[in-house]
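Examination of the molecular architecture
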Amino acid sequence: MSAPASSPDRSKLAVVVLISGRGSNMEAILAASDAPDYPARVVGVVSNRPDAAGLATAQARGIPVRVVNHKDFPAGEAGRAPFDAALAEAVDSFSPGLVVLAGFMRILTPGFVTRYEGRLVNIHPSLLPSFPGLHTHRRALDEGVRVHGCTVHFVTAQLDHGPIILQAAVPVLDGDSEATLSARVLAEEHRIYPRAVAWFAQDRLRVEAGRVRVAGSPTTAVAAFHSPGGA
Ligand code: GAR
């Protein structure tokens, strides 16, 4: 007997997405997962903010959501471990094979990171290890870099660190503002995050000595791109 069309395809990797706001990277992964041959499915979305716009987006697609409001926990260091324990409980309720941080703006405890070691990924809006932390686009403009971008990486206990899976670079153009540069980077985030999640789901990622090898992916350079261009 064949399953009804709406029943989940259990051959696909179950993914939980953690958000704090807009959720456009979550949406990019959801859009990619609409393709019948995409190897992962989003089984749940968890936010630390009840007003995160991405929650409504997920619910509109029928994805179950949970909120673990960090404001319900003591401020500062005292609240971190209990918050992370509640967060882990919410994540585990979906039994995911992969946990995807998509604009999740809380620093996680080493205990949380260890619990999901090897199956916890993040996207960061810079070419790491440049510009870890906040305000990456403003800092890139302040430094006058000519190339900027985004990084998908495995999460380790060190903030915005960990083995790099995939990066995309964009030029910094004369006259760029924080808004124009962040929009250029965000468009690339939406391209690379679904791809990295698919690679993980296809079991193509291996971490060796802190470096990620992607099975079946060319390691030769495509071409250099120069910013600014010209002779
Ligand atoms: C994205 O640009 C993401 O790279 C960044 O927050 C934004 C979330 O947007 N994440 C970080 O800065 C984490 N250090 P989104 O909610 O629309 O996906």
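A short tour of the structure in this document, coming up. Keep in mind the model is a prediction, meaning the values are calculated, not measured. (Residues numbered from 1 in each chain as written. Predicted model: local features only at pLDDT ≥ 70, side-chain atom pairs only at ≥ 80, totals over all residues. Heavy atoms only, no water.)

1. Structural notes on the overall build of the protein
Our working rule: Comment: elements are numbered from the N terminus, with helices defined as DSSP H or I runs of at least four residues and strands as E runs of at least two. Only the C-alpha atoms count toward the radius of gyration. The rule for a globule is 2.2 Å times the residue count to the power 0.38. Here a residue-residue contact requires only that any non-hydrogen atoms of the pair lie within 4.5 Å. Surface accessibility follows the Shrake-Rupley procedure with a 1.4 Å probe radius. Residue values consider only the protein chains on display as shielding.
Check the secondary structure of the protein and you find 6 helices and 9 strands. For a compact globule of 231 residues, the expected C-alpha radius of gyration is about 17 Å, and the protein comes in at 18 Å, within 12% of that figure. Over its C-alpha atoms, taken along the principal directions, the protein stretches across nearly 65 × 50 × 40 Å. Nonlocal contacts in the protein, meaning residues at least 24 apart in sequence, comprise 62% of its contacts between residues at least 6 apart. Just so you have it, the protein exposes about 12,000 Å², and 54% of that area is on carbon and sulfur atoms.

2. Some remarks on the site of the ligand
Definition in use: Proximity is defined per residue: any heavy atom of the residue falling within 4 Å of a molecule or strand makes that residue near it. Pairs of N or O atoms within 3.5 Å make up the polar contacts considered here, provided that, within protein, one atom can donate a hydrogen while the other can accept it, and that residues adjacent in sequence are counted only when both atoms are side-chain atoms. Side-chain classes follow a simple rule in which Ala, Val, Leu, Ile, Met, Phe, Trp, Tyr, Cys and Pro form the nonpolar group, Asp, Glu, Lys and Arg form the charged group, and the remainder, Gly included, forms the polar group.
Looking at the ligand, the residues that line it are Arg22, Gly23, Ser24, Asn25, Gly103, Met105, Ile123, His124, Pro125, Asp160, Leu186 and Glu189. The side chain of Ser24 places a nitrogen or oxygen atom 2.5 Å from an oxygen atom of the ligand. For the ligand, whose unbound accessible area comes to 450 Å², protein coverage reaches 87%. Looking at the shell around the ligand, the elements with two or more residues in it are α1 (24–32), β5 (120–124) and α6 (178–201). Residues of the shell around the ligand, tallied by class, amount to 4 nonpolar, 5 polar and 3 charged.

3. With respect to helix α5 (residues 136–143)
Along an α-helix, residues three or four positions apart point the same way, because every turn accommodates 3.6 residues. What counts here: The buried label applies to any residue whose accessible area, calculated with a 1.4 Å probe on protein chains only, is under 20% of its type's maximum; exposed applies above 50%, and partly exposed to all values in between. An arc is given here, and it is the one of the directions from the helix axis to the C-beta atoms.
Of the positions making up α5, those classed as buried are Thr136, His137 and Ala140. All buried residues of α5 fall inside an arc of 100° around its axis, so they share one side. In this fold, the buried residues of α5 make contact with β5, β6 (147–154) and α6. Immediately beyond the C-terminal end of α5, within one or two residues, lies Gly144, with a positive phi of roughly 75°.

4. Quick look at the nonpolar core
Definition in use: Remark: nonpolar core denotes a set of buried residues (Ala, Val, Leu, Ile, Met, Phe, Trp, Tyr, Cys) joined through side-chain atoms within 4.5 Å.
In terms of nonpolar packing, the biggest core is built from 42 residues, with Val17, Val45, Val100, Ile165, Tyr193 and Val197 touching the most fellow members. In terms of residue count, the dominant contributor to this core is α6 (9 residues). For Val17, the contacting residues outside a window of four places in its chain are Met26, Val42, Gly44, Val45, Val46, Val100 and Ala102. One finds Leu87, Val91, Leu101 and Leu108 within the second-largest nonpolar core, a separate group that totals 21 residues.

5. A short note on the pattern of salt bridges
Our working rule: What counts as a salt bridge is simple: a side-chain nitrogen of Lys or Arg found within 4 Å of a carboxyl oxygen of Asp or Glu.
If you walk through the whole model with that rule in mind, you get 11 salt bridges. The residue Asp92 makes a salt bridge to Arg115 at a minimum N-O spacing of 2.4 Å. Of this pair, Asp92 sits in helix α3 (residues 77–92) while Arg115 sits in helix α4 (residues 110–115); the two residues are 23 residues apart in sequence, bridging distant segments of the chain. What makes Arg115 partly exposed here is its relative accessible area of 47%. The residue Asp203 makes a salt bridge to Arg206 at a minimum N-O spacing of 3.1 Å.

6. A closer look at the packing of α1 against α6
The following threshold applies: Helix axes are fitted only over the stretch in contact, all axes being lines through C-alpha atoms; the angle between N-to-C directions runs from 0 to 180 degrees. Orientation labels follow simple angle bins: below 35 degrees gives roughly parallel, above 145 gives roughly antiparallel, 65 to 115 gives roughly perpendicular, and whatever is left gives oblique. Note on convention: the crossing is left-handed when the near helix lies turned anticlockwise from the far helix by less than a right angle, right-handed when the turn is clockwise.
Viewed as axis vectors pointing N to C, α1 and α6 meet at an angle of 50°, and their least axial separation amounts to 9 Å. For the element pair α1 / α6, the angle class is oblique. The handedness of the crossing between α1 and α6 comes out as right-handed. Residues Ser24, Asn25, Ala28, Ile29 and Ala32 of α1 touch α6, and the partners they reach there are Leu186, Glu189, His190, Tyr193, Pro194 and Val197. Looking at the contact of α1 with α6 residue by residue, the classes come out as 7 nonpolar, 3 polar and 1 charged.

7. A closer look at the pairing of strand β4 (residues 98–101)
This is how it is decided: Two strands pair if DSSP finds at least two bridges between them. If you view a crossover with the strands going away from you and the path from the first strand over the helix to the second runs clockwise, you call it right-handed.
Residues Leu98 and Val100 of β4 are buried on one face, and the alternating residues Val99 and Leu101, pointing to the opposite face, are buried as well. By the bridge criterion, 4 bridges tie strand β1 (residues 13–19) to β4 in an arrangement that is parallel. Pairing of Val17 across the sheet is with Val100, part of β4. Note that β4 and β5 share 3 bridges and pair parallel. What sits directly across from Val100, in β5, is Val121. After leaving β4, the chain enters α4 and then returns to the sheet as β5, a path that is right-handed.

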